[in-house]
Amino acid sequence: MSTPQKIIVIGAGICGLSSAIWLRRAGHEVTLVDKDAPGAGASFGNAGLLAQWAVVPVNTPGLITTGLKYILNPRSPLFVQWSYFPRLLPWLMKFAANANDSDTRRMVAGIVPIIGDSLDQHIALTRGTRAAKWVTASDFSYAYESRKAFDADAYSWALKREAGYVPEVLEGGAVQEAEPILGPAIKCLATLKSHGHILNPGAYMADLALVLQEEGGTYQQAEVQDITLDNGRITGLETSRGPMPCDRAVLAAGIWSKPLMQKLGLKVPLEAERGYHLHFTGPSQMPNNPMMIASGKFAVNPMAHGLRCAGTVELGGITAGPSRAPLDLIRRGAARAFPEMRYDGVEEWMGFRPSTPDSLPLIGEIGQTGVHAAFGHQHIGLTAGPKTGRIVADLISGKRPNIDLAPYSADRF
């Protein structure tokens, strides 16, 4: 084991929690800091999927054409807050510049290694702890309104097949035999075997925070205001609860990592994809396994406390409140896909996915500062969180992870 160090992890979402737990297990003195309760942001409100199949980024060939079509259609799963558009444009141009076959394949090559063993990574993180009960194996299906709609996704499915994800395709009555909750609007089901999901993301994050503390780590609720450097290397943090000295730090605060990166003199092109969910409580029906409603681009997850439908993309920064249109789209899509489902109530939520122009996260040390990045995971934060935390813990402990870290370089921008 390497020499124990005093480490502060900033951000109590899945990436921060995983980093803190693995660092503590490596023998370090670990303090986890967040301005809110554990998992209060995207780690609470996500779809809860261990999306090993999510190897294809949003910025694929045809993005500009498809994006314009979506933007002009108020019932599409892409939304823009136009008052924010001028600020978004530089990031959007970089994002669109990667929407070609060569860059898409480069991005896929970077995504596959950090999500391909997600279920195993969550099991390793939680084995023998109170948090293990929230992790479960499952299949995953894409629900289409026609075989034609499935065939239209041929490019994406070709990339998935190359990564080893080959679907079993059902049509006609076989769809409802496999998933009785689905109504007649769904006529094609493409199912991938041996994946997983989380039964209650919020409870999972709360339990992981308790696991950290039970294993000797510390959790402090405080807002990080500044990073203290000496000769370009971190010596501590300034927080709302006073100074906190440290040998190293892990920056895992999602979209809130951006202003802290600026304090290190780095301007990271990080923008928020505003994601939404509807959580149906007391549903009269539940799917057998999680699925994606392809027409509305939202995921469906049967959880311990109801049915969650989560997804869509809204571009518009972090200051404006929730919009009605994305929530209404999910509500219409759920009613069309599950026409017989009744429920006691529905909870609405909006949160922020931290997204880079190349759809890859930042993992590893920022220059020679002693600050290690663990953020920017876009749609795959929950899926890649435990492996990200393990990689960061290994790097800090002087171990070389068995993975090419170049695609995730924190200095690449």
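The preceding data block contains the structure.
What comes next is a walk through the structure.

Here we come to the state of the cysteines. Tallied over the full model, the rule gives 0 disulfides. Between Cys246, a cysteine without a disulfide, and Cys15, which holds the nearest cysteine sulfur, the sulfur-to-sulfur distance is 19 Å. Exposure remark for Cys246: the relative accessible area of 7% places this residue in the buried category.

One open sheet accounts for 3 strands, arranged S9-S10-S11; its pairing is antiparallel. With partners counted over all chains shown, the strands left at the sheet margins are strand S9 (224–230) and strand S11 (242–245), one partner each. Within the sheet, the average angular offset between the axes of one strand and its neighbour, ignoring direction, is 25°. With 6 bridges connecting them, S9 and strand S10 (residues 233–239) associate as antiparallel partners. The partner of Asp230 across the bridge, within S10, is Arg233.

Packing of helix H1 (residues 14–25) against helix H6 (residues 118–126) brings their axes to within 11 Å, and their N-to-C directions diverge by 55°. Taken together, the axis directions place H1 and H6 in an arrangement best described as oblique. The element H1 and its partner H6 pack so that their crossing is left-handed. Residues Ile14, Ser18, Ile21, Trp22 and Arg25 of H1 form the contact with H6, whose own contacting residues are His122, Ala124 and Leu125. Split into classes, the residues belonging to the contact of H1 with H6 amount to 5 nonpolar, 2 polar and 1 charged.

Turning our attention to the pairing of strand S13 (residues 271–281). A large share of S13 lies buried, amounting to 10 of its 11 residues. As judged from the 11 bridges shared by S13 and strand S17 (residues 345–355), these two strands associate in the antiparallel manner. Bridge pairing in S17 links Glu271 to Ser355. Pairing geometry for S13 and strand S16 (residues 306–315), over 7 bridges, is antiparallel. Directly across from Phe280, in S16, lies its bridge partner Leu307.

Attention shifts here to the nonpolar core. Side chains that are nonpolar tend, in soluble globular proteins, to be buried together. One finds Trp53, Tyr142, Tyr204, Leu208 and Val250 to be the most contacted residues of the largest nonpolar core, which totals 67 residues. The leading source of residues in this core is H1, at 7 residues. Counting 50 residues, the second-largest nonpolar core is a separate cluster that includes Ile181, Phe280, Phe298 and Val371.

On to the packing of aromatic side chains. Following the criterion strictly, the structure yields 11 aromatic pairs and no others. Measuring from centroid to centroid gives 6.1 Å for Trp256 and Phe352, while their planes differ by 85°, and the two rings are edge-to-face. Taken together, the positions of Trp256 in the loop between strand S12 (248–251) and helix H11 (257–263) and Phe352 in strand S17 put the pair 96 residues apart, joining distant regions of the chain. Of the residues examined, Phe352 reaches a relative accessible area of 16% and is grouped as buried. The structure contains a cluster of three or more aromatic residues connected by ring pairs, namely Trp53, Phe140, Tyr142, Tyr144, Phe150 and Trp157. In this structure, Arg308 is placed above the aromatic ring of Phe44, and the distance from its NZ or CZ to the ring centre is 5.8 Å. The residue whose ring lies beneath Arg390 is Trp22, and the NZ or CZ to ring-centre distance is 4.1 Å.

With that settled, consider the layout of surface pockets. Of the volumes computed, that of the second largest pocket is approximately 430 Å³. Forming the walls of the second largest pocket are 18 residues, and the residues nearest its centre are Tyr84, Arg87, Lys258, Leu270 and Glu271. Within the residue set of the lining of the second largest pocket, elements represented by two or more residues are helix H4 (85–97), H11 and S13. At 4 residues, the largest contribution of residues to the lining of the second largest pocket is made by H4.

Read across the sheet, 6 strands follow the order S8-S2-S1-S12-S19-S18 without closing on themselves; strand pairing throughout is mixed. In this open sheet, the two edge strands, each paired with only one partner strand, are strand S8 (218–221) and strand S18 (362–365). Sheet twist, expressed as the mean angle between neighbouring strand axes with direction ignored, is 20°. Pairing of S12 with strand S19 (residues 371–375), which is carried by 3 bridges, proceeds in the parallel orientation. Following the sheet pairing, Leu251 is matched in S19 by Ala373.

All right, on to the environment of Gly41 then. You can see Gly41 is positioned in the loop between strand S2 (29–34) and helix H2 (42–45). Counting along the chain gives 27 residues from Gly41 to Ile14, while the straight-line C-alpha distance between them is 10.0 Å.

A few words on H1. Under the 1.5 Å per step criterion, the end-to-end length of H1 is 16 Å for 12 residues, consistent within 8% with the ideal 16 Å. With 10 of its 12 residues buried, H1 lies for the most part within the structure. Burial in H1 covers these residues: Ile14, Cys15, Gly16, Leu17, Ser18, Ser19, Ala20, Ile21, Trp22 and Leu23. Count one or two residues on from H1 and you reach Gly27, which has phi positive near 100°.

Conventions used here
Residues numbered from 1 in each chain as written. Predicted model: local features only at pLDDT ≥ 70, side-chain atom pairs only at ≥ 80, totals over all residues. Heavy atoms only, no water. Disulfide = S-S within 2.5 Å. Buried < 20%, exposed > 50% of the residue type's maximum accessible area, 1.4 Å probe, protein only. Pairing = 2+ DSSP bridges. Helix = DSSP H or I, 4+ residues; strand = E, 2+ residues; numbered from the N terminus. Axes fitted to C-alpha atoms, helices over the stretch in contact; angles between N-to-C directions. Parallel < 35°, antiparallel > 145°, perpendicular 65-115°, else oblique. Left-handed = near helix turned anticlockwise from the far one by under 90°. Contact = heavy atoms within 4.5 Å. Nonpolar A, V, L, I, M, F, W, Y, C, P; charged D, E, K, R; others polar. Core = buried A, V, L, I, M, F, W, Y, C linked by side-chain atoms within 4.5 Å. Phe/Tyr/Trp six-rings, centres within 6.5 Å; stacked < 30°, edge-to-face > 60°. Lys NZ or Arg CZ within 6 Å of the ring centre and 35° of its normal. 1 Å grid on protein atoms, 1.4 Å probe; cavity = no way out; pocket = protein on both sides within 12 Å on 5 of 7 lines; lining within 4 Å. Points joined across faces, edges and corners; volume = space filled by probe spheres on them. Expected span 1.5 Å × (residues − 1).

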